[in-house]
Amino acid sequence: MPWDLTNFQAWFFRSNLMDLRDRKATRHLLFSVCVACLWPINVVGQSLSESVTQVSGSGSVFTALTHTRTDTATGTDTNTEPSLGVSGNVGGQLESGANSLALQYGGTLETRRDLTGGDQTDSSSVTGASRYTHFDPASRFDFNLGHTVSSVRNNTGFVINPSSYDTQNTLSAGAGLRFFPGDLSTLRFSGQAGKSFGSGDLDDQESFTASSELSRRLSERSTGSLVGSRSWSDEDGVDITIDSAQLVYELLLENGTFSIGAGASRADTEFPDGTITESDAGTGFLDRTWVASDWRTSIQYNRRLSDSATDLSLDFPEIFDFLPDTIRIRDLVVSDSVLVTHNTSRLCSACALGVAAEAAVFESQITGATTHEYTASVSLGIELTALQRLSFAYIWQGDAGEKAGTIIDQIHRFNTSWTRQLAEDTSFSVQLNQSYLRSRLARSDQEQFVLRLVLTKGFSLTGQPK
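The text that follows walks through the structure, step by step, so that each part is easy to find. As the structure is a prediction and not an experimental result, all values here were calculated from the model.

Conventions we followed
- Residues numbered from 1 in each chain as written.
- Predicted model: local features only at pLDDT ≥ 70, side-chain atom pairs only at ≥ 80, totals over all residues.
- Heavy atoms only, no water.
- Pairing = 2+ DSSP bridges.
- Helix = DSSP H or I, 4+ residues; strand = E, 2+ residues; numbered from the N terminus.
- Salt bridge = Lys/Arg side-chain N within 4 Å of Asp/Glu carboxyl O.
- Buried < 20%, exposed > 50% of the residue type's maximum accessible area, 1.4 Å probe, protein only.

Note: strand β19 (residues 407–423) against strand β20 (residues 426–439), 14 bridges, orientation antiparallel. Within the sheet, the bridge partner assigned to serine 417 lies in β20 and is glutamine 431. Between β19 and the antiparallel strand that follows it, β20, lie two residues. Relative to strand β21 (residues 446–462), β20 runs antiparallel, the two being bridged by twelve bridges. Across the sheet, the residue bridging to threonine 426 is lysine 457, located in β21. Counting the residues in the hairpin turn of β20 and β21 gives six residues.

So, in structure tokens, the structure goes:
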């Protein structure tokens, strides 16, 4: 299947299904997907009906050897585990008239054996997202349905194995009604609801957002809009109401896009004992993207007043690039974040380079605490020959408290992979993944090394939308 370094960088996240029934259902799903992907049928480049844009995926079987070192007060504990597993992923964009479906899911099922104690453990993970949209330009009515399954990292700190995080499933649905007060103006009223279902220690959340947007085309390349919304959320007996208003300007340029927004938000928080607190903040965003045939650069700044429950009923991403490795459940916070990304194939004729960095500060409106989070990644892919490719990736994540420069918890990940194409739809790869956990919290530092041999069969189905 086609190799896309950007998708590899974006798809680096997993989660663990803790509930036993979820484990059984997950194993059945993974087994079915992987068997279907590995079955020897010739589907590469196969044409579908005209209603399908693109669907692609792969199924893999792998064997691995995992070595873990943990620092203790008396020395270093080591543990070595061989394992066998299967994994699969599927993604695509399907369109038919006014209906469209975008999806991207991946999963892994793995069995490990501890060489020291002889114990055997099973782990499974499924992550991804999908969105169905009905939108007809000739109609006033539109609606959408969405689903995500994510890894959730709360206050546990980072972990060596991402499958140790809890899992959250989210369902969302919404509808909108449009009016056209003029040839250049559109007025849209909409409602969006979201509900999450958590595993492990996670609580269920739910929210609803009602919004209105008046947009006007200012020129052939620019649009201005005024957006107002009210959101209601509930989590563990805490009710939050957020009112927001924002003025937005969007411009399509010869070499990319530019958008900017400014406004304000106000929140009322009601606790189970009847106590009510008020919060307000100026909000806004700035987004500048440069696009060329062989490179893309983006700079984004965002300031908002929100909580995790309210986010469930906000706009769902239509394109699933840069899905986060993990998410965190937050109370009501004012957040400021800056994200810079750059992807290019100019480095050499057979190379693809991706760089990303993000910094964010969160001020809790409930506790008053301030925290900082940082992420950085570099990925490089090299086509050695027509049948061989080599890829490197480095990912760093760090957390800090009040002092932005004092990192209290961080993890470094180095991933190296060599892949040999065996047939048009089959490949073999050798992967070496290294993780280094360093923490000032009351827990031990850890290091983990994973050597994995993977046999993969992929498929790609394409067609033209109607």
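More follows now that the structure is in view.
Another aspect to go through is the pattern of salt bridges. Counted according to the given criterion, the structure contains 16 salt bridges. Arginine 188 is paired through a salt bridge with aspartate 142; the nearest N and O atoms lie 2.7 Å apart. Taken as a pair, arginine 188 in strand β8 (residues 185–198) and aspartate 142 in strand β6 (residues 141–152) lie far apart in primary sequence, 46 residues in all. Where aspartate 336 meets arginine 303, a salt bridge forms, and the shortest distance between an N and an O atom there is 2.6 Å. In this pair, aspartate 336 sits in strand β15 (residues 333–344) while arginine 303 sits in strand β14 (residues 295–306), placing the two residues 33 residues apart along the sequence. On the basis of relative accessible area, aspartate 336 is assigned to the buried category, the value being 16%. Since its relative accessible area comes to 26%, arginine 303 is described here as partly exposed. A network of salt bridges, in which partner residues are shared, links Arg69, Arg438 and Glu447.

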